[in-house]
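Survey of secondary and tertiary structure
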Amino acid sequence: MTQMRLVVVGAGGRMGRTVIRAIAEAPDLVLSAAIDTAGADTIGRDVGELVGLPAFGVPVSEDALTAFAAAEGVIDFTIPQASIAYAALAAQARIAHVIGTTGLTAEDEAKIDAAARHAPIVKSGNMSLGVNLLAALVKRVARTLDEDFDIEVVEMHHRAKIDAPSGTALLLGRAAAEGRGVDLDTQGVFTRHGHTGARRPGDIGFATLRGGTVVGEHNVIFAGPAERIELAHKAEDRGIFARGAIAAARWARGRKPGLYSMADVLGLSDI
Ligand SMILES: NC(=O)C1=CN([C@@H]2O[C@H](COP(=O)(O)OP(=O)(O)OC[C@H]3O[C@@H](n4cnc5c(N)ncnc54)[C@H](OP(=O)(O)O)[C@@H]3O)[C@@H](O)[C@H]2O)C=CC1
Ligand SMILES: O=C(O)C1=N[C@H](C(=O)O)C[C@H](O)C1
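Residues numbered from 1 in each chain as written. Chains lettered and ligands numbered in written order. Predicted model: local features only at pLDDT ≥ 70, side-chain atom pairs only at ≥ 80, totals over all residues. Heavy atoms only, no water.

An unreviewed UniProt entry lists the chain under the name 4-hydroxy-tetrahydrodipicolinate reductase, from Ancylobacter amanitiformis. What UniProt records for the chain under Sequence similarities (unreviewed entry) is the sentence "Belongs to the DapB family." Looking at the chain in UniProt, the text filed under Function (unreviewed entry) is "Catalyzes the conversion of 4-hydroxy-tetrahydrodipicolinate (HTPA) to tetrahydrodipicolinate." (UniProt positions renumbered as here; feature names shortened; annotations may be inferred.)

Written as structure tokens, this is what we have:
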């Protein structure tokens, strides 16, 4: 098979740079274009220079339309507004779109669903193998334990993160809700402050910590009568997300249109 031609959008971001480095190491992939925000100071710079590697001969561009027309897939860790626009463009070009961006609203999700009618989209709040395995385990444990075990999801990320709770915390909360057979929209508790009253049975609570350079830490606690089960994941390097996104792009190459998850990519859907 020929090398897969990939576009990275959000090229100058923490994840964009990590994905570009990972593509450079993969012999079956080629970075056909790197896109950043219009007017950003990265525009026109060689991608290699941007990520601390020898020159690629690919300048960072703001022309996504031309880039998508000449590619088979796009990897996107940006902001919700950008991901929606790129989903429409990728659908138009009929190329695979891997979306790692978090903080999407229900309205944003609906636009991505619409784009997935025309091209394959893999979207996940966390692209790592470890977190997706953890989600399967959380679902399994939640299915086994009843409401005597209170579920709390605790996450910590670096100080620059702009959305809360994290996409991963929501993914894990949804897995717990699914396992228990409840609706996260009605059972999720996202803030506690002041005189809250006692915990409502069946609630799924979320707590958010931000600080320093933490790549991403998640802990799902099942707190029962006189015992506690904790399932945790600690990300030590953003390379785990980049490798997952690349695996998703390879998996989605030539696949029929639809909205897919990392559980589909990793074969974890039936656990
Ligand atoms: N699913 C997963 O596994 C993971 C998801 N994430 C998520 O990915 C997203 C990005 O994270 P991170 O890399 O840390 O954030 P950064 O802020 O470092 O990177 C985001 C990049 O997107 C760029 N951008 C914004 N708008 C556009 C646009 N219209 N076109 C092209 N580029 C654009 C920004 O440029 P500028 O600053 O110039 O506007 C910035 O360079 C977040 O939502 C985060 O939660 C992160 C890690 C793993
Ligand atoms: O913003 C980040 O950094 C991360 N975002 C994702 C999330 O919101 O869960 C994934 C990872 O934890 C890092």
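Resuming the write-up.
Comments concerning the overall build of the chain
Secondary structure summary: the chain contains 10 helices and 11 strands in total. On C-alpha atoms alone, the chain measures out to a radius of gyration of 19 Å, which is about the 18 Å that the 2.2 N^0.38 rule sets for 271 residues. Here the C-alpha coordinates of the chain stretch approximately 60 × 40 × 30 Å along the principal axes. Here the chain, with 271 residues, has 49% of them falling under the buried criterion. Counting contacts in the chain only where the partners sit at least 6 residues apart, residues at least 24 apart contribute 69% of the total. When the accessible area of the chain is evaluated, it comes to approximately 13100 Å², of which 53% is carbon and sulfur surface. (Helix = DSSP H or I, 4+ residues; strand = E, 2+ residues; numbered from the N terminus. Rg over C-alpha atoms; globule rule 2.2 N^0.38 Å. Buried < 20%, exposed > 50% of the residue type's maximum accessible area, 1.4 Å probe, protein only. Contact = heavy atoms within 4.5 Å. Areas by Shrake-Rupley, 256 points an atom, 1.4 Å probe, with all protein chains shown as cover.)

Some thoughts on the sheet that holds strand E11 (residues 258–260)
As summarised here, the arrangement of the 6 strands in space is E2-E1-E3-E4-E5-E11, forming an open sheet in which the pairing is parallel. At either end of the open sheet lies a strand with only one pairing partner, and these are strand E2 (29–35) and E11. Between one strand and the next, the sheet's axes are offset by a mean angle of 20°, whatever the strand orientation. Where strand E4 (residues 96–99) lies against strand E5 (residues 120–123), 3 bridges are found, and the strand directions are parallel. Looking across to E5, one finds that His97 is bridged to Ile121. (Pairing = 2+ DSSP bridges. Axes fitted to C-alpha atoms, helices over the stretch in contact; angles between N-to-C directions.)

Quick word on the site of ligand 2
Around ligand 2 sit Thr102, Gly125, Asn126, His157, His158, Lys161, Ser166, Gly167, Thr168, Val215, His218 and Phe241, and those are all the residues in its vicinity. Within the contact set of ligand 2, an oxygen atom lies 3.4 Å away from a side-chain nitrogen or oxygen of Thr102. One nitrogen or oxygen atom from the side chain of Lys161 is found 2.7 Å from an oxygen atom belonging to ligand 2. For ligand 2, whose free accessible area comes to 320 Å², the fraction covered by protein is 85%. (Near = heavy atom within 4 Å. Polar contact = N/O pair within 3.5 Å; in protein donor to acceptor, adjacent residues only side chain to side chain.)

A short note on the UniProt feature "active site" (unreviewed entry) in the chain
Per the UniProt record, the feature "active site" (unreviewed entry) sits at His157 and Lys161. As for its placement among the helices and strands, His157 is situated in strand E6 (residues 150–157). If sequence neighbours within four positions are ignored, His157 has contacts with Ser166, Leu209, Arg210, Gly211, Val214, Val215, Gly216 and His218. Side-chain polar atoms of His157 contact the side chain of Glu155, separated by 2.7 Å. Checked against the element boundaries, Lys161 lands in the loop between E6 and helix H7 (167–180). A relative accessible area of 19% places Lys161 in the buried class. The contact partners of Lys161, leaving out residues within four places of it in the chain, are Thr102, Ser166 and Arg210.

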